[in-house]
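Here's the letter readout for the chains.
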Amino acid sequence: MIIARSIDELRQALSASQCPAFVPTMGNLHAGHIKLVELAKPQGDCTVVSIFVNRLQFLPHEDFDSYPRTWEADCAKLQAAGCDVVFAPRETDLYPEAQTVKVHADPALADILEGEFRPGFFTGVSTVVMKLFMSVFAGKGQGVAVFGKKDYQQLMVIRQMVRQFALPITVVGVDTCRAEDGLALSSRNGYLSESERTEALQLSLALRELGRDALAAADALARHLPALEVKAMNALSQRGWQPDYLTVRRRHDLQVPQAGDALVVLGAAKLGSTRLIDNFEI
């Protein structure tokens, strides 16, 4: 397994590759990340994983400095999964000068839900993903990038970016990996206390209940949705959560659904000091 620290080192490591399969991460890897790597491996001729905690997507009050960095454990897991190249740039390698040129995603998609509560988040995500894509795929005729569906809105933003910039990349979305009790795996689960870890499952349960209510009201969902959202958020609030949103949207653009649309239920809420997100396609 090759470890590349600079873009030049990465491109040298990929010089013989015609179709890299790429999994971008921020490290602190868990079984969900490894599933992405394993699914990526047969889809390209070289499997690349990036480990980079991207400052641009953190708000000033968020956990950039304290975000878990578990380099040695991450490398051991990646090697066991058959990763070929790890791209682990320092901040000065990826951003050698202030990043004044940024990718601003479509506000209709990026300024709702996560974008409403984390303003600028998707600009940071889109900018770093574009830079990673250009580092990995420059000069290649094709490539594959694999993302988990747990960050559902992020996946939609990246797919739109790839489509509108005509990048020669196939974006693959992979179903969320869950613990045995159904909790979505997340690096931030490590922040939870033992009692919070037990309580954390309530977010997915609330989303499933909201999904059932939405399907029952499918013929007039747009009209009933505000009341269904309030019901779901109140149920979590009464358990001590601080919900940002629980909602039902149409899958392809996350707008308010109409009858017949394919649906996804999405939610974000803070439990103690830890903010969790989850979603289910229904």
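Residues numbered from 1 in each chain as written. Predicted model: local features only at pLDDT ≥ 70, side-chain atom pairs only at ≥ 80, totals over all residues. Heavy atoms only, no water.

Can you tell me about the pattern of salt bridges, naming the residues and giving the values?
Enumeration according to the criterion identifies 17 salt bridges in this entry. With a closest N to O distance of 2.9 Å, E62 and R118 form a salt bridge. Pair noted here: E62 is in the loop between β3 (46-51) and α3 (71-80) and R118 is in the loop between α6 (114-117) and α7 (121-137), with a separation of 56 residues, a long-range link. Judged by its relative accessible area of 9%, R118 falls in the buried class. (Salt bridge = Lys/Arg side-chain N within 4 Å of Asp/Glu carboxyl O. Helix = DSSP H or I, 4+ residues; strand = E, 2+ residues; numbered from the N terminus. Buried < 20%, exposed > 50% of the residue type's maximum accessible area, 1.4 Å probe, protein only.)

Any details on helix α10 (residues 201-216)? Residues and values, ideally.
The end-to-end C-alpha separation of α10 is 23 Å, in line with the 22 Å expected for 16 residues at 1.5 Å each. Those residues of α10 not exposed but buried are L201, L203, S204, A206, L207, L210, G211, D213 and A214. Where α10 is buried, its residues meet α9 (194-199), α11 (221-237), β7 (242-250), β8 (263-271) and β9 (274-281). (Expected span 1.5 Å × (residues − 1). Contact = heavy atoms within 4.5 Å.)

Let's hear about the environment of P96: which residues, and what values?
Among the structural elements, P96 can be located in the loop between α4 (91-94) and α5 (107-110). Taking relative accessible area as the criterion, P96 reaches 63% and is therefore assigned exposed. Residues P96 and I277, spaced 181 residues apart in sequence, show a C-alpha to C-alpha distance of 32 Å.

Pulling in residues and values, what's your account of the environment of A262?
The topology assignment puts A262 in the loop between β7 and β8. With relative accessibility at 42%, the residue A262 sits in the partly exposed group. Taking C-alpha positions, A262 is 20 Å from F147, a pair spaced 115 residues apart along the chain. Among all residues touching A262, those that are not within four sequence positions of it are R249, R250 and R251.

Explain empty space enclosed by the protein residue by residue, including any values.
Under the criterion given, the structure shown has one cavity of 30 Å³ or more. For the largest cavity, the calculated volume is near 70 Å³. As for the largest cavity, its lining consists of K150, L183, A184, S186, N189, A200, L203, S204, L276, I277 and D278. At the level of elements, α10 and β9 are the ones that each hand at least two residues to the lining of the largest cavity. Looking at which element gives the most residues to the lining of the largest cavity, the answer is β9, with three residues. Here the residues of the lining of the largest cavity are counted per class, giving six nonpolar, three polar and two charged. (1 Å grid on protein atoms, 1.4 Å probe; cavity = no way out; pocket = protein on both sides within 12 Å on 5 of 7 lines; lining within 4 Å. Points joined across faces, edges and corners; volume = space filled by probe spheres on them. Nonpolar A, V, L, I, M, F, W, Y, C, P; charged D, E, K, R; others polar.)

A description of the packing of α10 against α11 should follow, citing residues and the corresponding values.
As a packed pair, α10 and α11 sit with axes 10 Å apart at the nearest point and diverge in direction by 155 degrees. By the angle between their directions, the pair α10 and α11 is classed as roughly antiparallel. Crossing of α10 against α11: the hand is right-handed. Here Q202, L203, A206, E209, L210, D213 and A214 of α10 lie close against α11, whose contacting residues are L221, L228, E229, K231, A232 and L236. Counted by class, the contact of α10 with α11 contains eight nonpolar, one polar and four charged residues. (Axes fitted to C-alpha atoms, helices over the stretch in contact; angles between N-to-C directions. Parallel < 35°, antiparallel > 145°, perpendicular 65-115°, else oblique. Left-handed = near helix turned anticlockwise from the far one by under 90°.)

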